[in-house]
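Okay, here's what each chain looks like letter by letter:
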Amino acid sequence: MSKITVQCPATVANLVCGFDVLGMALDEPYDIMEVSLLEEPVIRIVSGDGFPLPSDPAQNTAGAPLIAMQDELEKPVGFEVIIHKKIKPGSGVGSSAASAAGAVVAANHLLKNRFSKEDLVRFAMFGEKVASGVKHADNIAPCIYGGITLIRSIFPLDIVSIPAPLLHVTVVHPQIEVKTADARQILRKEVLLKDAIRQWGNIAGLVAGFIKNDYELIGRSLEDVIIEPVRSMLIPGFDHVKSQCKTAGALGGGISGSGPSIFMLSRDIQTARAIEQVMKNIYNDIGLDYHTYVTTINHTGVKTA
Ligand code: HSE
């Protein structure tokens, strides 16, 4: 095989309380990537839909991971990557991770799966470094593994897949761009012990809620006392969306990744759709363009299209 086309899911990182350690993959939206094996050891990045992408592979979120992969190959090969970008960069649903994860999963198929999933996460994190200045795997890991993942550690990598009950996910993407690097820059570097205690109680509660299929516990644990109070200032209408969606029956939710997208979890599709309408009403009133998605958790990760 010398060419493969893959579907690369959007992801919600942090899951409110789990900054940099929790993430989940979504069934929609997703990017499509066509990756070809080249004999010449080069990396070519092509935009499949005219979307402007950095063409220097070292500066591209798909290119940097492939360079890292090339460095571990005995026989030098190259790759051409055609990206059809449906997940808008700066949206908060893992656009850079989809490119990074899609590139390495596709390349690994072409190399007869010689690398492990953990290796692929390690390579793909070079893409996150390009995008945000730091390596983090809370979009990459769910994008590659599917489902909900806990990244207990990135050095060394320790990734745990977390089972969960059926959940419906409603996402609103207000049409403003928030760069992850900027959204990290504004965070305080130190936290109060009382906030840390509350936060790790919530992380443990959320993971326990997923494993025990306990919707009430999931809802109670979707609370972030450290990151959200700072970042929510970047998102017009955030507090209103959150409170109105909970009133409409959402279990809970918050900023998706570093924003500006906001996500909400619901037990059933009717509630998820009602929440979509609440989000639409709020952004119509504000007069800000938006996209919404009503979707479910993706359990396959990057897959052949
Ligand atoms: N955990 C990262 C952050 C995710 O919140 O900065 C970025 O998508």
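Residues numbered from 1 in each chain as written. Predicted model: local features only at pLDDT ≥ 70, side-chain atom pairs only at ≥ 80, totals over all residues. Heavy atoms only, no water.

By the element assignment, F126 lies in helix 3 (residues 117-132). Residue classification places F126 among the partly exposed positions, given a relative accessible area of 33%. Distance from F126 to E177, taken between C-alpha atoms, is 22 Å for residues 51 residues apart in sequence. Setting aside anything within four residues of it in sequence, one finds F126 in contact with A64, P65, A68 and K135. (Helix = DSSP H or I, 4+ residues; strand = E, 2+ residues; numbered from the N terminus. Buried < 20%, exposed > 50% of the residue type's maximum accessible area, 1.4 Å probe, protein only. Contact = heavy atoms within 4.5 Å.)

This part takes up the packing of aromatic side chains. In the structure shown here, the tally under the stated rule is 2 aromatic pairs. Between F115 and F123, the ring centres sit 4.9 Å apart and the planes meet at 85°, which makes this aromatic pair edge-to-face. As far as burial versus exposure is concerned, F115 and F123 are alike and both buried. On the basis of an interplanar angle of 45° and a centroid distance of 6.4 Å, the ring pair of Y283 and Y290 is categorised as tilted. Under the relative-accessibility criterion, Y283 is labelled buried at 0%. When the ring centre of F115 is taken as reference, the NZ or CZ atom of R114 above it lies at 4.6 Å. The ring of F126 is capped by K135, whose NZ or CZ atom sits 3.7 Å from the centre of that ring. (Phe/Tyr/Trp six-rings, centres within 6.5 Å; stacked < 30°, edge-to-face > 60°. Lys NZ or Arg CZ within 6 Å of the ring centre and 35° of its normal.)

Now for the domain arrangement of the protein chain. Considered domain by domain, the protein chain is made up of domain 1 (3-162 + 300-304) and domain 2 (168-296). On a C-alpha basis, the centroid separation for the pair domain 1 and domain 2 is 24 Å. Of the residues lining the interface, 28 residues belong to domain 1; the matching set on domain 2 comes to 38 residues. Buried surface at the junction of domain 1 and domain 2, summed over both partners, amounts to about 2400 Å²; 67% is from carbon and sulfur atoms. Looking only at domain 1, the three residues that lose the most surface to domain 2 are V16, C17 and F19, adding up to 27% of its buried area. Across the contact surface, domain 1 and domain 2 share 1 salt bridge. One salt bridge in this structure joins R184 and D20, with 2.7 Å as the shortest N-O distance. (Domains from an automatic or database assignment. Buried area = accessible area lost by both parts, 1.4 Å probe. Salt bridge = Lys/Arg side-chain N within 4 Å of Asp/Glu carboxyl O.)

The pairing of strands in a sheet comes from backbone hydrogen bonds and takes either a parallel or an antiparallel form. Sheet architecture is open: 4 strands sit in the order 8-9-7-10, paired in antiparallel fashion. Because the sheet does not close on itself, it has two edges, and the strands there are strand 8 (252-255) and strand 10 (290-296). Averaged over all neighbouring strand pairs, the angle between strand axes comes to 15°, with direction disregarded. As paired strands, strand 7 (residues 168-174) and strand 9 (residues 262-266) are joined by 5 bridges and run antiparallel to one another. What sits directly across from V169, in strand 9, is L265. (Pairing = 2+ DSSP bridges. Axes fitted to C-alpha atoms, helices over the stretch in contact; angles between N-to-C directions.)

Counting buried residues along strand 5 (residues 148-154), 5 of its 7 residues qualify, which places the element largely inside the surrounding structure. In this sheet, strand 5 lies alongside strand 2 (residues 22-38) in antiparallel orientation, the contact comprising 3 bridges. In the strand pairing of strand 5, M24 is matched with I148. Here 6 bridges tie strand 5 to strand 6 (residues 157-162), and the two strands are oriented antiparallel to one another. Across the sheet, the residue bridging to T149 is S161, located in strand 6. Counted between consecutive antiparallel strands, the loop separating strand 5 from strand 6 contains 2 residues.

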